[in-house]
Amino acid sequence: MNHTKGGLVIFTANSHPASRELGKRISERLGVELGKVQVYQEANRETRVQIQESVRGKDVFVIQTMSKDVNTTIMEMLILVYACRTSCARSITGVLPYFPYSKQCKMRKRGSIVSKLIASMMCKAGLTHLITMDLHQKEIQGFFNIPVDNLRASPFLLQYIQEEIPDYRNAVIVAKSPASAKRAQSFAERLRLGIAVIHGEAQDAESDQVDGRHSPPTVKTTGAIHPSMEIPLLIPKEKPPITVVGDVGGRIAIIVDDIIDDVDSFVAAAETLKERGAYKIFVMATHGLLSCDAPRFIEESAIDEVVVTNTIPHELQKLQCPKIKTVDISMILSEAIRRIHNGESMSYLFRNIGVDD
């Protein structure tokens, strides 16, 4: 990697020690030291930030990984970015490998699009650029009025499959729901493998039945509209019994997704694949939130291995469940920082990336 020019400052906004590990890896790859900053909580739970070196006229990169207390993590990021802005930094780039509240990017009944709110707050605080990875929906980039580089973790996961699964040629890429089919197809085409799709599992929060299209009342009302303008009632969806589209018998099943948080759907998918004859089951995801009792459920399930990247710290979960493996993505983040700081093209990091990747 080429050396960076002067005037580069890297801060890690998160006060949690485990969350600073990614920042240390990135700074080591760039050959620079982490910037000096204090981020801590007051006795009344207010966040306080103290920058302990000059950032005037410099390119500042704020690395923030999501901890269990996501709301505090966001405030740390916003306050540190604003502090850099008021200290006359030339540019402020946020490095958020996992974008918080990314699942709340659609209007659901009388809720709100929280991703848009978070994006507006970051821009208002002073961000001039954002580096993130595998947004839950690519359309989230449109919520920002600043440049957004949505990097991909798939090259690292594909490399893991090729190097760590000896008989991966006997594998099939599995989408645990039709919504994940495009991602599974991308993996399958690059590995020259077959694809299978599980359809008919229990409905989750990402299904169409919980968005705004079902907010009107299902009971016919009279008098509200003219009789000649009666709106046809939409027939409610009914999921069929669980079926697996594709052959997994005697094969390795590799389930791919972008986020693994509540593992119930993954455990159910693994049981279904076992019943259909799969003899080994892997789960691959970019972001391993692994909340609550996820490590215990994975350990007790038919899943043989869960592979996630270090966009989110999960060292505690790995101690609770040896099936969880980590892939390091600090290399691509450090290269993105170097290219932005030196004014180089980012296209190299997106080579062979399609619209559906």
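Quick caveat: nothing in here was measured; it's all calculated off a predicted structure.

1. Quick look at the overall build of the chain
The helix and strand inventory of the chain stands at nine helices and 14 strands. Taking all 357 residues of the chain together, the buried fraction comes to 48%. Counted over contacts in the chain with a minimum sequence separation of 6, partners at least 24 positions apart contribute 68%. Accessible surface, the chain: about 18,100 Å² in total, of which carbon and sulfur atoms supply 52%.

2. Focus: the sheet that holds strand β8 (residues 171-175)
Taken together, seven strands build an open sheet; the order of strands is β10-β9-β8-β11-β12-β13-β14 and the sheet is mixed. Taken across any chain shown, the strands that pair with only one partner, and hence form the sheet edges, are β10 (243-245) and β14 (324-327). The sheet shows a mean angle of 25° between the axes of neighbouring strands, taken without regard to direction. Across eight bridges, strand β11 (residues 252-260) lies against strand β12 (residues 280-288) in parallel orientation. When the sheet's bridge partners are listed, A253 is paired in β12 with I281. Against the sheet, helix α5 (residues 181-191) makes contact with β8, β9 (194-199), β11 and β12, and its axis sits at roughly 160° relative to β8, the strand it touches most. The sheet strands contacting helix α6 (residues 264-275) are β8, β9, β10, β11 and β12, and the helix crosses β11 at an angle near 170°.

3. Looking at the packing of aromatic side chains
Aromatic ring pairs are described here by two measures, namely the spacing of the ring centres and the angle between the planes. As enumerated under the stated definition, the model contains one aromatic pair in all. When the ring centre of F266 is taken as origin, the NZ or CZ atom of K176, which lies over that ring, is 4.9 Å away. Over the ring of Y348 we find R351; its NZ or CZ atom is 4.0 Å from the centre of that ring.

4. Quick word on the pattern of salt bridges
Under the defined criterion, the tally for this structure stands at 14 salt bridges. The closest approach of N and O atoms between R29 and D328, which form a salt bridge, is 3.6 Å. Here R29, found in helix α1 (residues 21-30), pairs with D328, found in the loop between β14 and α9 (330-342); they are 299 residues apart in sequence, far enough to count as distant. Across the salt bridge formed by E275 and R276, the nearest N and O atoms sit 3.7 Å from each other. By relative accessible area, R276 is classed as partly exposed at 35%. Through salt bridges with shared partners, a single ionic network connects E21, R25, R29 and D328.

5. Side note on the pairing of strand β4 (residues 59-63)
Of all the five residues making up β4, five are buried; the element is thus mostly covered by neighbouring parts of the structure. Residues of β4 alternate between two faces, with D59, F61 and I63 on one and V60 and V62 on the opposite face, all of them buried. When strand β1 (residues 8-12) meets β4, the two strands line up parallel, connected through five bridges. What sits directly across from I10, in β4, is F61. In the sheet, β4 pairs with strand β5 (residues 91-96) via five bridges, with the strands oriented parallel.

6. Considering the nonpolar core
Counting 43 residues, the largest nonpolar core has I173, I254 and L333 as its most contacted members. Counting only domains with at least three residues in this core, you end up with domain 1 (8-151) and domain 2 (155-201 + 241-327). Contact partners of I173, with chain neighbours within four places excluded, come to A184, F187, A188, L191, L193, G194, I195, A196, I254 and V256.

7. Let's talk about the environment of Q320
Mapped onto the elements, Q320 comes out in helix α8 (residues 315-320). The class of Q320 is partly exposed, set by a relative accessible area of 46%. Sequence spacing of Q320 and I298 is 22 residues, and the spatial spacing of their C-alpha atoms is 9.9 Å.

8. Notes on the packing of helix α4 (residues 154-164) against α5
At a minimum axis distance of 11 Å, the contact between α4 and α5 shows a crossing angle of 50°. On the basis of the axis angle, α4 is oblique to α5. Regarding α4 and α5, the two cross each other, and that crossing is right-handed. Contacts between α4 and α5 pair S154, L157, L158, I161 and Q162 from the former with F187, R190 and L191 from the latter. For the contact of α4 with α5, the residue count by class is five nonpolar, two polar and one charged.

Scoring rules and cut-offs
Residues numbered from 1 in each chain as written. Predicted model: local features only at pLDDT ≥ 70, side-chain atom pairs only at ≥ 80, totals over all residues. Heavy atoms only, no water. Helix = DSSP H or I, 4+ residues; strand = E, 2+ residues; numbered from the N terminus. Buried < 20%, exposed > 50% of the residue type's maximum accessible area, 1.4 Å probe, protein only. Contact = heavy atoms within 4.5 Å. Areas by Shrake-Rupley, 256 points an atom, 1.4 Å probe, with all protein chains shown as cover. Pairing = 2+ DSSP bridges. Axes fitted to C-alpha atoms, helices over the stretch in contact; angles between N-to-C directions. Phe/Tyr/Trp six-rings, centres within 6.5 Å; stacked < 30°, edge-to-face > 60°. Lys NZ or Arg CZ within 6 Å of the ring centre and 35° of its normal. Salt bridge = Lys/Arg side-chain N within 4 Å of Asp/Glu carboxyl O. Core = buried A, V, L, I, M, F, W, Y, C linked by side-chain atoms within 4.5 Å. Domains from an automatic or database assignment. Parallel < 35°, antiparallel > 145°, perpendicular 65-115°, else oblique. Left-handed = near helix turned anticlockwise from the far one by under 90°. Nonpolar A, V, L, I, M, F, W, Y, C, P; charged D, E, K, R; others polar.

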